[in-house]
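In case you want the letters, here they are:
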Amino acid sequence: MSVVVALSVSVDGYITGREPGAGRGLGDATMLFDWYFDGDTPSQVFDGFRLSEPSARVFDALAGRVGASLVGRNTYDDSGWVHGGAPHPTAPLFVLSHRPVPGMGDRQTLVTTGIEDAVAAAREAAGDKDVALMGGGVATAALAAGLVDEVILHQVPILLGGGRPFFQSLPGHVRLRTVEVVPAPGVTHLHYEVLR
């Protein structure tokens, strides 16, 4: 079981465009997810996703490992999961926030006591599967706390020039080992192991 950070990201390191938010999604960066729908290969995990063959192989292998997802409040709000949605079709969603979250659904759990408790709760729910972290704040906090095992960048060939960065300031270097690089139409999948 691993704790994995996996997000679509621009070449200049942004996971949203300018002015993301509730009702605005990723702002002006919806192209970060075009690769979900640009291909001829249906996802075996997510209904409606049609990816290129190499992207489908990478995406479905990762999605099939997920037993719980953990997001920060900005990602939760931006993604429109406020009324019970989740980023994964079967995995429960944990939301790390110091603010109340109104209207949480049955598959959603609010954690207010920090990244360590949030990851621990998600690990317990995931059983022998992986925990997927989403959002720059959650990713950075978990990396700083030494809780991340793998980093996967679905790097889209665009320079956004602004938005929310994938990684925020870290207290020190985080060394990575390249596991796999998979070029695909509209995206390059970069898979790293976090070295401790």
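Parameters and conventions
Residues numbered from 1 in each chain as written. Predicted model: local features only at pLDDT ≥ 70, side-chain atom pairs only at ≥ 80, totals over all residues. Heavy atoms only, no water. Helix = DSSP H or I, 4+ residues; strand = E, 2+ residues; numbered from the N terminus. Buried < 20%, exposed > 50% of the residue type's maximum accessible area, 1.4 Å probe, protein only. Pairing = 2+ DSSP bridges. Phe/Tyr/Trp six-rings, centres within 6.5 Å; stacked < 30°, edge-to-face > 60°. Polar contact = N/O pair within 3.5 Å; in protein donor to acceptor, adjacent residues only side chain to side chain. Contact = heavy atoms within 4.5 Å. Axes fitted to C-alpha atoms, helices over the stretch in contact; angles between N-to-C directions.

(A) Examining the environment of S79 more closely. Within the fold, S79 resides in the loop between α2 (73-78) and β5 (93-96). Sequence spacing of S79 and A22 is 57 residues, and the spatial spacing of their C-alpha atoms is 7.0 Å.

(B) View of the pairing of β5. Neither face of β5 is left uncovered, since the one carrying L93 and V95 and the one carrying F94 and L96 both have all their residues buried. The pairing of strand β4 (residues 66-72) with β5 spans four bridges and is parallel. Opposite V71, over in β5, you have V95 as the bridge partner. In the sheet, β5 pairs with strand β6 (residues 108-111) via four bridges, with the strands oriented parallel. In the strand pairing of β6, L93 is matched with Q108.

(C) Just the packing of aromatic side chains, in detail. For the structure shown, the criterion picks out eleven aromatic pairs. Centre to centre, the rings of Y36 and F49 are 4.6 Å apart; their planes meet at 25 degrees, and the pair counts as stacked. In this pair, Y36 sits in the loop between β1 (3-10) and β2 (41-42) while F49 sits in the loop between β2 and β3 (50-51), placing the two residues 13 residues apart along the sequence. Since its relative accessible area comes to 15%, Y36 is described here as buried. With a centroid separation of 5.1 Å and an interplanar angle of 65 degrees, the aromatic rings of F46 and F59 are classed as edge-to-face. On the criterion of sequence distance, the pair formed by F46 in the loop between β2 and β3 and F59 in helix α1 (residues 53-65) is long-range, its members being 13 residues apart. Look at F46 and you get buried, because its relative accessible area is 14%. We classify F59 as buried; its relative accessible area is 8%. Members of the aromatic cluster, joined through ring pairs, are F33, W35, Y36, F37, F46, F49 and F59.

(D) Quick peek at the side chain of R73. Its location among the elements puts R73 in helix α2. Among the polar contacts listed, one links the side chain of R73 to the backbone oxygen of R99, at a separation of 3.4 Å. Setting aside anything within four residues of it in sequence, one finds R73 in contact with L96, S97, R99, P100, V101 and P102.

(E) Local environment of the pairing of strand β10 (residues 187-194). Of all eight residues making up β10, six are buried, and the element is well covered by its neighbours. As judged from the six bridges shared by strand β8 (residues 150-156) and β10, these two strands associate in the antiparallel manner. From the neighbouring strand, I152 faces β10, where its bridge partner is H191. Of the pairings in the sheet, the one linking strand β9 (residues 176-184) to β10 comprises eight bridges and is antiparallel in character. Bridge pairing links A184 to V187 in β10.

(F) Representation of the sheet that holds β8 in the model. Read across the sheet, eight strands follow the order β6-β5-β4-β7-β1-β8-β10-β9 without closing on themselves; strand pairing throughout is mixed. Strands at the two margins of the open sheet, each flanked by one partner only, are β6 and β9. Each strand axis lies, on average, 20 degrees off the axis of its neighbour in the sheet, ignoring direction. Contacts between helix α3 (residues 115-126) and the sheet are confined to β1, β4, β5, β6 and β7 (130-134), with β4 contributing the most and set at about 155 degrees to the helix.

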